[in-house]
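This is what each chain is made of:
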Amino acid sequence: MDGVVTRNEPETEWDEFALSFYEVKDVTGRCVEPISSAINMVSCFADNTAASEEPDLVPVDHDGRRATKEREYFDWSHIDPTHESYREGLLEIIEDCAAEADDVRLDDVGFPREGYCHCERCKSAFADSEFDDWETWRASVITEFVANAAERIPGRTYLTLYPDPYPGHLYSRSGIDLDALTPHVDEFVVPLYDLEYSTTYWLESLVRGFRTALGGSYEASGVEPETPFSVELYAVDVDVDTLINAAEVAAAYAENVFFGYDAAQASAAIRRHEADSKAGKTYGVE
């Protein structure tokens, strides 16, 4: 149990957290200045504000349906990864983050889901590319972006993955090619969010799945993945003991466990876990 994901700068310096992720740009489009006391985190191709102000940024499917938060199954509005000026702006933000702290986390990287994007810009880019297969071209777009971002990050490059380790799903959904991305990424982060964590069998299944997807063995003490991965749990209004149990399940397979968006609850879970794990002494009559 290693750290927190937060939007509040003071929380990044709490003693309980070995690592802190600070949201510099989130899915709403909100942007703040990066800080030196945390790993700055950038939501890349999710931006509600930009999508509403510049419709040309939004990916469309074959039928012209836009990938916005108003659509069913979309929690936020997406941005087309081929949009050159938007991508350049992202790289500038990443450079600013890296100037404050060496490590940077890239969040919301990829195309929205299967079937995106078929705008004129993407059609033209695919036609002009060296690729004959559309999915292969999509993956090359994402890999190129991550490689360009990583070149600007002097420390560790963290990359968030959509929580689906089933073979081929990340590739088909978002254009995420794990093998191609591995040389550019130092650690993957998988958010596995639940409001209660009352059962954890699904959590263990997903974490084991990512362990094997990244080249490790499914045994907790077996072969480690080529690139380590960590798990991010949702801490808001989750019972501390339940949160600790979920974290212990994740920690058996993952490199680190982070807690999202409730630093007080995260702190309580880490302190409780540390206290419980310390061996006590029993004194009796000899």
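Our structure is the block above this text.
Residues numbered from 1 in each chain as written. Predicted model: local features only at pLDDT ≥ 70, side-chain atom pairs only at ≥ 80, totals over all residues. Heavy atoms only, no water.

Novice: Looking at this structure, how should I read the nonpolar core?
Specialist: A general trend in soluble globular proteins is that nonpolar side chains are found buried together. Residues Leu233 and Phe259 are the most contacted members of the largest nonpolar core, which totals 73 residues. A total of 7 residues in this core trace back to one element, the largest contributor, which is helix α8 (residues 240-251). (Core = buried A, V, L, I, M, F, W, Y, C linked by side-chain atoms within 4.5 Å. Buried < 20%, exposed > 50% of the residue type's maximum accessible area, 1.4 Å probe, protein only. Helix = DSSP H or I, 4+ residues; strand = E, 2+ residues; numbered from the N terminus.)

Novice: For this particular structure, what's the right way to read the sheet that holds strand β7 (residues 229-234)?
Specialist: Strand pairing within a sheet occurs via backbone hydrogen bonds; the two strands may be parallel or antiparallel. The sheet built from 8 strands closes into a barrel, its strands ordered β1-β2-β3-β4-β5-β6-β7-β8 with parallel pairing. Adjacent strand axes in the sheet meet at a mean angle of 25°, parallel and antiparallel pairs treated alike. Two elements, strand β5 (residues 157-160) and strand β6 (residues 187-191), share 3 bridges in a ladder whose sense is parallel. Note that in β6 the partner of Thr160 across the bridge is Val189. Across the face of the sheet, helix α2 (residues 84-100) comes into contact with β2 (19-25), β3 (39-43) and β4 (104-107) while running at roughly 170° to β3. Across the sheet, helix α7 (residues 201-213) lies against β6 and β7, angled at about 155° from β7, the strand it touches most. (Pairing = 2+ DSSP bridges. Axes fitted to C-alpha atoms, helices over the stretch in contact; angles between N-to-C directions. Contact = heavy atoms within 4.5 Å.)

Novice: I would appreciate a short explanation of the environment of Lys25 in the present structure.
Specialist: Mapped onto the fold, Lys25 is located in strand β2. A C-alpha to C-alpha distance of 26 Å links Lys25 and Ala247, two positions 222 residues apart in sequence. With residues near it in sequence (within four places) discarded, Lys25 still touches Arg30, Cys31, Met41, Val42, Ser43, Cys44, Ala46, Asp47, Tyr86, Leu90 and Ile93. A distance of 2.7 Å separates the side chain of Lys25 from the backbone oxygen of Ser43, its partner in a polar contact. Among the polar contacts made by the side chain of Lys25, one reaches the side chain of Tyr86 at a distance of 3.1 Å. (Polar contact = N/O pair within 3.5 Å; in protein donor to acceptor, adjacent residues only side chain to side chain.)

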